[in-house]
Structures are given as C-alpha cells and as structure tokens.
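If you want the building blocks of each chain, they are given just below.
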Amino acid sequence: MKSIAELDAIRKKALNNMKVKKENQGYRIIIGMATCGIAAGAVPIMNTFKEQLEKRNIKVPVSMTGCVGVCRLEPMADIIDDSGNKTTYIMLTPEKVERIVQNHIINGQVVSEYTINSTQAIF
Amino acid sequence: MHIYSSHVLVCSGTSCTSKKSPELIKKLEEGIKRKKLDEKIQVITTSCFGLCAEGPIVVVYPEGAIYSNVTLNDIDEIINEHLVKGRIVKRLLSGNNEGNNSYESADFFKKQVRIALRNCGVINPEIIEEYIAYDGYQALGKVLTTMTPEQVIDKVLDSGLRGRGGAGFPTGRKWLFAANAKGDKKYVCCNADEGDPGAFMDRSILEGDPHSIIEAMAIAAYGIGSDQGYIYVRAEYPIAVKRLNIAIDQAKELGLLGDKIFGTDFSFNLELRLGAGAFVCGEETALMTSIEGKRGEPRPRPPFPANKGLFQKPTILNNVETLSNIPIIILKGADWFKTIGTKKSPGTKVFAIGGKINNTGLVEIPMGTTLREVIYDIGGGIPNGKKFKAAQTGGPSGGCIPTEHLDVPIEYDTLIELGSMMGSGGLIIMDEDNCMVDIAKFFLEFSVDESCGKCPPCRIGTKRMYGILKRITEGKGEEGDIETLEELAETIQAAALCGLGKTSPNPVLSTLRYFRHEYEEHIVNKKCSAGVCKELLDYIIIPNDCMGCTKCIKVCPTKAITGKIKEPHIIDQEECIKCGACLEACPFGAIIRK
Ligand SMILES: Cc1cc2nc3c(=O)[nH]c(=O)nc-3n(C[C@H](O)[C@H](O)[C@H](O)COP(=O)(O)O)c2cc1C
Ligand code: FES
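This one's a predicted model, so the numbers in the text were calculated from it and none came from an experiment. Each chain has its residues counted from 1, following the order in which its sequence is written. Each chain is given a letter, starting from A, and each ligand a number, starting from 1, according to the order in which they appear as written. It should be noted that, the model being predicted, local features are given only for residues of pLDDT at least 70 and side-chain atom pairs only at 80 or more, the latter also being counted only at that level, while totals for whole chains, interfaces and linings use all residues. As a rule here, side-chain values come from all non-hydrogen atoms in the structure, and water together with hydrogens is ignored.

Draft legend 1. Here's a closer look at the overall build of chain B. Only DSSP runs of H or I with at least four residues qualify as helices, and only runs of E with at least two residues qualify as strands; both kinds are numbered from the N terminus onward. Check the secondary structure of chain B and you find 23 helices and 17 strands. Against the 2.2 N^0.38 benchmark of 25 Å for 594 residues, chain B shows a C-alpha radius of gyration of 33 Å, more extended than a compact globule. Taking the principal axes of the C-alpha coordinates as reference, chain B spans close to 100 × 90 × 45 Å. Each residue's exposure class comes from its accessible area (1.4 Å probe, protein chains only) as a fraction of the maximum for that residue type: buried when under 20%, exposed when over 50%, partly exposed otherwise. Put simply, chain B has 594 residues, and 56% of those count as buried. Note on contacts: a residue pair qualifies if any of its non-hydrogen atoms lie within 4.5 Å across the two residues. Restricting to contacts in chain B with at least 6 residues of sequence separation, those with at least 24 account for 68%. All accessible areas in this document rest on Shrake-Rupley with a 1.4 Å probe, and a residue is counted as covered only by the protein chains that are shown. Accessible area for chain B stands at about 24900 Å²; split by element, carbon and sulfur atoms hold 52% of it. Throughout, radius of gyration means the C-alpha value; the globule benchmark is 2.2 Å times the number of residues raised to the power 0.38.

Written out as structure tokens, the structure is:
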C-alpha cells in the first residue's frame with residue numbers, strides 16, 4: 001500500500017462490487033457464518049441457496065458474514081434488495097430456503113413467517 | 001421428445017380468459033418465434049391458478065416467476081428481459097416487500113449501539129476489500145500520513161477508552177507508558193484468550209471483523225514505536241484462527257502489513273500464537289510467558305509489561321474488544337466517542353447475556369445503560385413468569401447484582417462499588433430457582449480448576465473455600481463457616497500472586513453480601529429454598545394423593561420406597577438418594593420435593 005489514494009481506489013471498487021445489481025435480479029444474499037451459525041447448520045443452508053439458484057438459472061451473489069448476536073436464531077440469512085431493504089430470515093432449514101428462493105428471490109414476496117419479526121413472542 | 005429449457009404458462013381459466021389471456025398467448029408465441037427461441041421455449045395454457053383477482057396470470061419456469069395483471073403491452077418486456085436476458089421483470093410480480101423485516105428493526109437491537117461489532121453481520125470477514133469498503137484501514141492511513149505517534153496516543157487518551165478485558169485501565173495511559181519506556185524493540189500484543197465462561201464477544205469480533213484488530217494493532221505499534229505484534233488466541237477458536245490467518249495474509253499482500261506501509265518508514269509484522277485454553281493464560285504476565293514458549297505462569301509485577309513485558313521488552317497488551325474501538329476513534333474523533341456512554345466510562349460494552357432470560361445473545365450497549373433496560377427491554381425479561389433474583393457479571397472474578405440495584409447504570413466503577421466488576425462481559429441472569437450458594441460454589445470450582453498452582457494462597461486457599469462451600473451445600477455446614485470463608489477470602493485477596501487468585505473470592509464475598517440469609521438457611525436449617533442443593537431436599541409421598549400403584553417402588557434404585565398395592569407408600573429418608581426418579585414416575589403427582 002503506497003498511499004491513501006490507492007486505498008481509496010480499492011474502496012471505491014469494493015463498494016461497487018458490494019452494490020446490489022440489476023443483473024443479479026436486484027438481490028444479495030448474506031449468510032451468518034460465525035461459529036454459532038456454522039454449528040446450527042449454516043453450511044448446508046449456503047449450499048441449498050446456491051443449488052436452488054442454479055436450478056432456476058438465477059444469478060444472485062451469495063456471501064457470508066459474522067455473528068449479529070442472536071445466535072439462538074441461527075442459521076440466519078439476510079436478503080438485501082436494490083433499494084436497500086433488508087429482510088432477515090431466521091432458523092433456516094433447506095426446505096425454508098427453497099421457499100424463500102421461490103417466493104422472495106423469484107417473486108419478490110417476503111416469506112413473513114420465516115423472518116425475524118415473526119418471532120414477536122420472543123422479542 | 002423435444003426438451004425445452006423454459007416454459008411459459010399462461011392461465012386460461014374462466015377469469016383470466018375473460019381478461020384476454022388468449023391474446024397474450026398469441027402475442028407471446030409470435031414474439032418467441034421472432035426471437036428464434038421457439039426451439040427452446042414452450043408456451044403452455046393452464047387451468048386456474050387460484051389467483052383470479054390478480055389475473056391474467058403468466059408463470060415462467062424454471063425460475064417459477066409469477067407475473068400478475070399482465071397486459072398485451074407487458075409481453076415484449078417479458079420476452080426481451082426475462083426470456084432473452086434472464087432478468088425477472090420485477091414490476092410485474094404479484095408480491096411486494098412490505099414492512100421492515102431486518103434484524104436491526106427487532107426490539108433486541110433497538111437500544112444497542114454498535115461500535116465494536118460495527119462490521120459483524122455486515123461484511124464478509126474473509127474479503128479484505130469488504131473491510132476496506134467500510135472505511136477499513138483509513139484510520140491507519142490517516143495515522144501514518146498525517147499524525148505523529150504522540151498525537152495518536154493523545155487521541156486515545158482523550159477518548160477516555162478503557163480496557164474491555166476486565167480491569168478497565170485507560171488504554172491511552174498504557175500506551176503512553178510503553179511509548180516512554182526505553183528499548184530498542186517493543187511489542188504490541190492482543191489478548192484473544194477469552195477465558196470467562198460464557199463470554200464470546202472477542203470470538204465474534206475475530207470471526208466477523210478480523211481486520212479491525214490488525215488495523216488497531218498497527219496503529220498501536222506506530223504510537224509506541226513497535227514493529228512486531230502477536231495475537232494470542234485460544235486454539236479452541238478454529239474459525240477465528242482461520243479467518244485471522246486469512247486476514248493477515250491478505251493484509252500482507254496489499255502491503256498493509258510488512259515494510260513501508262503507506263509509503264512511510266513504518267513497518268509492522270504480525271503473528272498468531274495459539275493458547276491451549278488455560279484461564280490463567282489470559283492474565284497479562286502469564287500470557288506473555290506463554291508467548292515466549294514457556295509454561296503459562298504469571299510473574300510478579302512490578303516490573304510492569306510497559307517496561308519489561310514480552311522477552312523483557314516494553315510491551316502493551318490489549319483486549320480484542322478494546323482494539324476494535326481504536327480505528328473508529330481515530331476516524332471519528334475522541335469527542336464523538338465521548339458522546340457515547342458515561343463520563344468515566346465512554347463508549348460501549350459488549351455483553352454475552354445468558355441464563356434465565358428470554359433473548360440470550362450478544363448485545364452492545366452504551367455504558368451507563370441500566371441492568372433493568374438490558375434485562376427487560378433488550379433481553380425480553382425472565383422466562384416462565386419467574387422472578388429475577390440476581391445478575392452475575394465478571395465471571396469467576398466478579399460478583400452478583402441483586403434486584404435492589406437493577407437501576408444502577410452499568411459502568412466500571414459502579415459495578416466495583418456493588419462488589420462485582422465489568423469483567424470481559426459475561427452477564428448471567430438468575431431467577432428464583434437459582435441457589436446463590438451453589439452459584440458461588442460453581443465459580444469457585446472454576447478458579448480451583450484453573451489455578452496454575454504457582455502461589456499457595458490461590459492453590460490452597462481456593463481449595464479450602466471450595467471445600468467449605470461443598471459441605472454447606474451438602475447439609476454439613478457448621479457454625480463459623482461463614483466467618484472462615486470471609487477470613488480465607490481476605491487472605492487470598494491480599495496474598496495471591498496474580499489477578500486470578502486475587503479476585504477468585506469475589507463470587508463468594510458478593511453472594512455473602514447480598515444473600516447471607518441463604519448461606520444461613522443452608523447451615524442452620526439445612527434447607528435450600530431454591531430447591532437446588534440435592535442433599536437438602538426431601539422427597540415425600542402425600543398419603544391422600546397416593547393410589548398405591550407401586551410405580552415409584554419399581555423405579556427406585558435403592559429400594560427406599562415401601563408399601564402394599566392400593567395403599568399409600570412411604571419413602572425411607574435414610575435410604576433415599578434424592579435422584580428424583582419416583583417424582584417423575586408418579587402418575588398422580590403424589591410425590592413432592594421439599
Ligand atoms: C485470571 C485472569 C484472566 C484474564 N483473562 C483475560 C482474557 O481472557 N481476555 C482478556 O482480554 N483479558 C483477560 N484478563 C485481563 C488481562 O490481564 C489484561 O488486563 C487485559 O488483557 C488488558 O487489556 P485491556 O486493557 O484492553 O483490557 C485476565 C486477567 C486475569 C487476572
Ligand atoms: S382464472 Fe386465471 S388465475 Fe383463476
């Protein structure tokens with residue numbers, strides 16, 4: 001690293017890469033992959049997301065991140081759309097993922113009963 | 001048979017037909033043919049989807065996209081965007097993303113302020129560019145190109161940041177001591193040993209945002225004049241270790257570690273050292289001894305590490321969470337940092353909430369938040385309608401805070417006044433079903449196990465105290481036990497070599513301070529009203545409720561229950577080992593525990 005300008009250039013490019021893009025159906029999927037997430041089964045969840053997207057010929061980036069602190073709700077995934085809306089899905093199973101890809105990613109319909117706000121009883 | 005790669009299903013149910021779906025089919029087929037896609041895409045008419053109100057309905061497979069209210073004008077867009085380019089036409093979907101369903105909108109997060117955890121759950125920790133996208137390494141750049149080492153230390157001093165590893169020592173002051181110490185070689189160390197039972201905020205930061213620690217350590221090194229750092233992390237954190245290694249490699253590759261960083265003369269290298277998980281190795285002098293490759297035992301202080309630390313050279317050691325605050329303090333300034341938290345404890349603290357609470361998890365709150373807010377607003381209260389009894393902070397070095405102090409703001413000094421301490425951030429909630437003598441015994445047992453054995457007060461003293469507590473919980477407590485406990489505690493506090501020993505009596509002293517009556521109840525009445533201490537409980541059969549079914553007789557492992565069929569049974573208290581098997585077996589609820 002030679003200068004701040006060099007750092008800024010990397011930053012600009014990275015921000016652009018992280019942007020939710022139209023050719024990616026306008027979505028980005030981020031899966032919680034800290035110890036808590038992985039212990040709760042985040043790896044098969046990530047695989048299911050990728051398989052489901054592939055099966056439907058859909059290109060949406062699937063990335064990972066750390067722990068947000070509600071480890072008992074893992075595995076979790078955030079779906080971010082191109083207007084910046086974030087939906088957090090909790091306690092995922094491969095079956096739930098299939099429905100989320102079908103309803104949310106393909107048809108733009110949030111699967112409310114799987115979101116973090118569906119747990120009003122706990123929160 | 002011809003295999004199509006896509007199918008377009010158009011509804012021809014009564015309702016959709018009346019809304020002109022046959023014309024849609026015609027236009028679709030013509031358009032597909034024109035694009036020469038008719039070998040690949042087949043148009044199929046179907047019966048009613050049950051979505052008549054939103055008809056006409058068109059569904060495209062393999063994606064399964066459901067388009068509603070489709071008009072003739074929409075067909076070209078479906079063909080050009082979806083069938084040709086593979087992009088779903090979002091505006092025609094029947095769904096809508098209503099409401100805010102992000103985790104940030106949940107009550108659990110509303111009172112939180114995320115500084116140390118700012119990137120956890122946001123960036124991909126294995127991609128350095130994502131950290132850079134979120135202002136990563138900007139602070140290091142600013143420090144190296146525009147600030148002197150003195151200015152860096154001044155800024156940290158001014159921010160009032162205190163060590164998050166437990167003791168709360170001002171970070172800037174620690175750095176200043178090391179900067180002023182004479183020496184050709186100096187070291188920067190990060191304490192990622194995280195030995196407090198139940199605490200996992202450091203792991204979370206290392207796994208979710210490893211670059212923030214690397215950046216902070218480089219800033220610290222510039223401040224004190226060091227070129228070498230070590231991160232001491234426990235081997236039980238394999239994912240943290242893996243991501244730290246990836247992060248270090250990426251930082252080296254981009255020249256953010258190594259020589260001539262940002263084109264200056266500053267060089268910094270970083271290595272990991274794996275700890276084997278001994279609690280005492282989290283203590284600063286033991287940690288450094290362990291990095292040197294020796295058995296992890298503490299050494300007497302003074303000399304303090306700032307003058308003679310790792311390899312006898314001036315050294316600073318900071319906790320993971322402390323360090324994660326540094327880059328953002330440099331970027332946003334000390335004044336900004338001081339607006340968060342309290343005057344004496346600026347900033348935030350991450351707590352791992354566990355025990356008898358609805359929302360367990362990691363929370364980052366401004367210092368000065370009350371325990372009541374943490375337990376009821378963030379934590380969602382105590383499960384099953386039970387009553388709050390106490391909160392334990394500071395793990396085996398800390399103590400408990402009872403109901404009457406629920407409204408005390410959480411900061412370093414108030415917790416010490418209450419006989420507890422901040423510790424590294426474990427927060428265990430206890431309800432009426434927890435026995436405080438048992439809790440004290442639990443933490444003391446931890447200290448007995450983890451004592452390194454170097455100094456007698458800790459090695460022998462904690463064992464003696466544990467023995468007394470064990471007797472008390474077994475119903476063999478004697479008059480004078482409490483006084484002996486207090487005497488031992490005082491001696492250990494005064495004479496132990498390191499923090500482990502010095503603080504190990506705290507759980508006992510603090511439960512004695514607030515729950516002395518529970519100790520007395522155990523010793524004098526041989527009772528445990530929380531119903532935890534097994535030996536102090538009696539299992540009794542209520543004659544009127546007992547149907548004489550003999551189920552309990554059959555499950556009792558010591559044949560302590562006798563009685564004829566259809567007549568009330570009796571438990572021989574001498575033979576009973578209080579296993580509870582009979583209580584579970586009784587179909588009539590005739591057996592109680594008292
Ligand atoms: C027995 C014992 C265990 C400790 N364990 C840890 C630990 O796991 N993590 C930690 O950061 N500090 C731990 N500490 C505190 C460290 O000695 C030291 O004060 C701290 O790492 C300094 O960093 P800070 O000023 O940033 O808090 C422990 C102290 C004692 C006495
Ligand atoms: S007729 Fe088309 S959905 Fe019912």
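Draft legend 2. The arrangement of the overall build of chain A in detail. In terms of regular secondary structure, chain A is built from four helices and four strands. Secondary structure elements of chain A occur, N-terminal to C-terminal, as α-β-α-α-β-β-β-α. When its C-alpha atoms are laid out on the principal axes, chain A stretches across 50 × 30 × 25 Å. Expressed as a percentage of the 123 residues in chain A, the buried residues total 56%. Of the contacts made within chain A by residues no fewer than 6 positions apart, 61% connect residues no fewer than 24 positions apart. Here chain A displays about 5200 Å² of accessible surface, and carbon together with sulfur accounts for 52% of that area.

Draft legend 3. Representation of the pairing of strand β9 (residues 348-355) of chain B in the model. Residues and elements named next belong to chain B. Of all eight residues that make up β9, seven are buried, and the element is covered over most of its length. By the convention used here, strands pair only if DSSP detects at least 2 bridges between them. Here six bridges tie β9 to strand β10 (residues 361-366), and the two strands are oriented antiparallel to one another. The residue of β10 that forms the bridge with Lys 349 is Ile 365. Counting the residues that bridge the hairpin from β9 to β10 gives five residues.

Draft legend 4. Structural detail: the interface of chain B and chain A. Residue-level contacts link 64 residues of chain B with 55 residues of chain A. Throughout, the accessible surface (probe 1.4 Å) given up by two parts as they are put together, summed over both, is called the buried area. The contact between chain B and chain A buries some 4700 Å² in all, and 52% of this surface belongs to carbon and sulfur atoms. When a carboxyl oxygen of Asp or Glu lies within 4 Å of a side-chain nitrogen of Lys or Arg, that pair is called a salt bridge. For the pair chain B and chain A, the interface holds three salt bridges. Ionic pairing is found between Arg 11 of chain A and Asp 135 of chain B, a salt bridge with its closest N-O pair at 3.1 Å. Polar contact criterion, stated in full: a pair of N or O atoms within 3.5 Å, where within protein one must be able to donate a hydrogen and the other to accept it, and residues adjacent in sequence count only if both atoms are side-chain atoms. There are 27 residue pairs in polar contact (both at pLDDT 80 or more) connecting chain B and chain A. Those elements that provide at least two residues to the side of chain B that touches chain A are β4 (65-67), α4 (107-110), α5 (128-133), α6 (138-146), α9 (201-208), α11 (238-253) and β10 of chain B. For this classification, the nonpolar set comprises Ala, Val, Leu, Ile, Met, Phe, Trp, Tyr, Cys and Pro, the charged set comprises Asp, Glu, Lys and Arg, and every other residue, Gly included, is treated as polar. Residues belonging to the side of chain B that touches chain A are distributed by class as follows: 24 nonpolar, 25 polar and 15 charged.

Draft legend 5. Structural view of the environment of Lys 21 of chain A. Residue and element names in this part refer to chain A. Relative to the helices and strands, Lys 21 is located in the loop between α1 (4-18) and β1 (27-32). Setting aside its immediate chain neighbours within four residues, Lys 21 contacts Asn 16, Gly 26 and Tyr 27. Here Asn 16 takes part through its backbone oxygen, which lies 2.9 Å from a polar atom of the side chain of Lys 21.

Draft legend 6. Highlighting the site of ligand 1. Residue and element names in this part refer to chain B. Taken together, 18 residues are adjacent to ligand 1, and Gly 165, Lys 174, Asn 191, Asn 319 and Thr 322 come closest. Between an oxygen atom of ligand 1 and a side-chain N or O atom of Lys 174, the distance comes to 2.8 Å. With respect to ligand 1, the side chain of Asn 318 contributes an N or O atom lying 2.9 Å from an oxygen atom. Burial of ligand 1 by the surrounding chains reaches 89%, relative to a free accessible area of 620 Å². Those elements giving two or more residues to the shell around ligand 1 turn out to be β8 (315-319) and α20 (499-503). With three residues, the top contributor of residues to the shell around ligand 1 is β8. Across the shell around ligand 1, the residue classes break down as three nonpolar, nine polar and six charged. Proximity is defined per residue: if any heavy atom of the residue lies within 4 Å of a molecule or strand, that residue is considered near it.

Draft legend 7. How the structure looks around helix α4 (residues 94-106) of chain A. Spanning 13 residues, α4 of chain A covers 17 Å between terminal C-alpha atoms, matching the ideal 18 Å at 1.5 Å per step. The axis of α4 of chain A is deflected most strongly, by about 30°, at Ile 100 of chain A. Residues Val 97, Ile 100, Val 101, Gln 102, His 104, Ile 105 and Ile 106 of chain A constitute the buried set of α4 of chain A. Buried residues belonging to α4 of chain A abut β1, α3 (42-55), β3 (77-81) and β4 (86-89) of chain A together with β4 of chain B. Here a helix's expected span is defined as the number of its residues, less one, multiplied by 1.5 Å. Here the bend at each residue means the angle between axes fitted to two seven-residue stretches, the one ending at that residue and the one beginning there.

Draft legend 8. Local environment of the environment of Ile 592 of chain B. Residues and elements named next belong to chain B. Following the sequence through the fold, Ile 592 ends up in strand β17 (residues 591-593). On the basis of relative accessible area, Ile 592 is assigned to the partly exposed category, the value being 31%. Linking Ile 592 and Cys 582, residues ten residues apart in sequence, is a C-alpha distance of 9.6 Å. Not counting chain neighbours up to four residues away, the residues in contact with Ile 592 comprise Asp 538, Tyr 539, Ile 540, Ile 542 and Leu 583.

Draft legend 9. Expanded view of the packing of helix α10 (residues 210-224) of chain B against α11 of chain B. Residue and element names in this part refer to chain B. Axes, fitted as lines to C-alpha atoms, cover a helix only where it is in contact. Angles between the N-to-C directions of the axes lie from 0 to 180 degrees. Two numbers describe how α10 lies on α11: the axes approach to 9 Å, and their chain directions differ by 55°. Comparing the axis directions of α10 and α11 gives the class oblique. The interaxial crossing formed by α10 with α11 has right-handed handedness. Between α10, through Pro 210, His 211 and Ile 214, and α11, the contact on the second element is made entirely by Arg 243, Leu 244, Ala 247, Ile 248, Gln 250 and Ala 251. Broken down by class, the residue content of the contact of α10 with α11 amounts to six nonpolar, two polar and one charged. Roughly parallel covers angles under 35 degrees, roughly antiparallel covers those over 145, roughly perpendicular covers 65 to 115, and oblique covers all other angles. Two helices that cross are described as forming a left-handed crossing if the nearer one is turned anticlockwise from the farther one by less than a right angle, and a right-handed crossing if clockwise.

Draft legend 10. Local environment of the sheet that holds β10 of chain B. Residue and element names in this part refer to chain B. As summarised here, the arrangement of the five strands in space is β10-β9-β13-β11-β12, forming an open sheet in which the pairing is mixed. Strands with a single pairing partner mark the edges of an open sheet, and in this sheet they are β10 and β12 (399-402). Strand after strand, the sheet turns through a mean of 30° between neighbouring axes, direction not considered. Of the strands in this sheet, β11 (388-393) and β12 touch helix α21 (residues 506-525), which is tilted by about 60° from β12.

Draft legend 11. View of helix α18 (residues 456-473) of chain B. Residues and elements named next belong to chain B. Relative to the 26 Å expected for 18 residues at 1.5 Å per residue, α18 spans 25 Å between its end C-alpha atoms, a close match to the ideal helical length. Regarding α18, the residues found buried are Pro 457, Cys 458, Gly 461, Thr 462, Met 465, Tyr 466, Ile 468, Leu 469, Ile 472 and Thr 473. Summarising the axial view, the buried residues of α18 lie within an arc of 160°, below the 170-degree limit, and thus occupy one face. Looking at the packing, one finds that the buried side of α18 touches α17 (436-450), α19 (481-495), α20 and α21. A positive backbone phi angle near 80° is found at Gly 475, which sits one or two residues after α18. Working note: the arc is built from the helix axis to C-beta atom directions.

Draft legend 12. Region of interest: the packing of aromatic side chains. Two aromatic rings, drawn from Phe, Tyr or Trp (for Trp, its six-membered ring), form a pair once their centres lie within 6.5 Å of each other, and the interplanar angle then sorts them: stacked below 30 degrees, edge-to-face above 60, tilted otherwise. Applying the stated criterion to the full structure yields eleven aromatic pairs over all chains. With a centroid separation of 5.1 Å and an interplanar angle of 80°, the aromatic rings of Phe 442 of chain B and Phe 443 of chain B are classed as edge-to-face. What links up through ring pairs into an aromatic cluster is the set Tyr 103, Phe 108 and Phe 109 of chain B. Both a distance and an angle decide whether a charge sits over a ring: NZ of Lys or CZ of Arg must be within 6 Å of the ring centre and within 35 degrees of the ring normal. Lying across the ring of Tyr 27 of chain A, Lys 90 of chain B places its NZ or CZ 4.0 Å from the centre. Sitting over the ring of Tyr 237 of chain B, Arg 203 of chain B keeps its end group 5.8 Å from the ring centre.

Function-wise, these values are silent; they only describe arrangement.
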